[in-house]
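Descriptive analysis of the structure
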Amino acid sequence: MMNARWNGRVEMFRNFLWKTLGFVGYTIQYGCIAHCAFEYIGEVVVCSGPSMEPTIVNHDVVFSERMSRHLCKIQKGDIVIAKCPFDPHMNICKRVIGLEGDKVCTSDPSDLFKAHTYVPKGHVWLEGDNLRNSNDSRNYGPIPYALIRGRVCLKLWPPHSAGTLNGSPTRRIIKTQSDSDSD
Amino acid sequence: MERERGKETEGIEVEMFRNFLWKTLGFVGYTIQYGCIAHCAFEYIGEVVVCSGPSMEPTIVNHDVVFSERMSRHLCKIQKGDIVIAKCPFDPHMNICKRVIGLEGDKVCTSDPSDLFKAHTYVPKGHVWLEGDNLRNSNDSRNYGPIPYALIRGQMLLKLSLLSSMGPLSSGEE
């Protein structure tokens, strides 16, 4: 009788072990699929900080799509999410003012003498829409294109300003000959 | 009777097509599923890399195959002297393989060893200073400055080439 009880317990334990392994297997499987969806399709991001006002304000929820970044279709005027060059755990949300080879203005709009620089190969120049309160390429220089994570294409929250985002309000983007040809 | 036979044949063809469609969808579904698992394995565990170029001689020569693990990078355990693979700051499609000479806050020497006057700089926050082992033939942080830590993809663990010596990679001589 003791043997039967012991066998019964071993059987229950084995069933429990298999069920747990099966559960863990399914979790890993669907975790990987979800991870790849966030990596290649897009992700929902909660923004914080004042550097993109009035386009994006504190606590806005946006959807950032990944395809443009992987297909290298990020353009001047796009709002992108990138890894912060000074903190690998933080992300920044800014507007692309210049791509590689473009001329960008590095001086304040209020300065008398304008200073310009050219964006080096493989880099982008980012600026926040709220020029007075934004820590961006004017402070730390152009950042490598590889740090860009995705392009913000839709605002999801708050509902009264949800939808596509406006163009740059700051008029800092210098249009080149090729831009006006393609328009 | 002929009309019935015609309808039967059509019914069988539709059935075959539907089976084929389901089998194809099932196959595509499995491919996506295991593709995602494989992608996550390469992303979080490690990947096999074929190196090219002379900038890491004699440690790694042209056409060497190495295994690069990802966990150190995700857990921020990259240390001075590690050989890392990073995205090239000037070409987002290329990768570079160099040794970490300095982490954020470290003092690094920016002048040639042959220069009379030594120049030093401090690595800024969130950046690393990379140099190739083959100092005479390497395009690295001495040319383009420190690169952001976020560009690092993984740390080299093992050399896998059959022709050259297999085994763990040696740490740098300072």
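Further up the page is the structure itself.
Here we summarise the structure given alongside this text. This one's a predicted model, so the numbers in the text were calculated from it and none came from an experiment. (Residues numbered from 1 in each chain as written. Chains lettered and ligands numbered in written order. Predicted model: local features only at pLDDT ≥ 70, side-chain atom pairs only at ≥ 80, totals over all residues. Heavy atoms only, no water.)

All names here are of chain A. Ordered by their spatial adjacency, seven strands build an open sheet running β1-β2-β9-β3-β4-β7-β8, and the pairing between neighbours is antiparallel. Both outer strands of the open sheet, β1 (42-46) and β8 (143-144), are each paired with one neighbouring strand and no more. Where strand β3 (residues 79-83) and strand β9 (residues 148-157) come together, three bridges link them in antiparallel fashion. Pairing of valine 80 across the sheet is with arginine 151, part of β9. (Pairing = 2+ DSSP bridges. Helix = DSSP H or I, 4+ residues; strand = E, 2+ residues; numbered from the N terminus.)

All names here are of chain A. The grouping of Phe13, Phe16, Leu17, Trp18 and Leu21 at the surface amounts to a nonpolar patch, some 620 Å² of accessible area in total. Here leucine 17 shows up in helix α1 (residues 2-40). A residue is classified by how much of its surface remains accessible, and leucine 17, at 42% relative accessible area, is partly exposed. (Patch = residues over 30% accessible without salt bridge, like charges linked within 9 Å, V, L, I, M, F, W, Y side chains within 5 Å. Areas by Shrake-Rupley, 256 points an atom, 1.4 Å probe, with all protein chains shown as cover. Salt bridge = Lys/Arg side-chain N within 4 Å of Asp/Glu carboxyl O. Buried < 20%, exposed > 50% of the residue type's maximum accessible area, 1.4 Å probe, protein only.)

Okay, the packing of aromatic side chains next. One pass over the structure, following the stated rule, counts four aromatic pairs over all chains. Measuring from ring centre to ring centre gives 6.0 Å for tyrosine 26 of chain A and tyrosine 30 of chain A, while their planes differ by 5 degrees; the resulting arrangement is stacked. Of this pair, tyrosine 26 of chain A and tyrosine 30 of chain A are both found in helix α1, four residues apart, which corresponds to roughly one turn of the helix. Both rings, one in tyrosine 30 of chain B and one in tyrosine 34 of chain B, keep their centres 6.0 Å apart while their planes meet at 5 degrees; by these two values the pair is stacked. One end of the pair is tyrosine 30 of chain B and the other is tyrosine 34 of chain B, both in helix α1 (residues 2-44) and four residues apart, which spans about a single turn. A relative accessible area of 52% places tyrosine 30 of chain B in the exposed class. (Phe/Tyr/Trp six-rings, centres within 6.5 Å; stacked < 30°, edge-to-face > 60°.)

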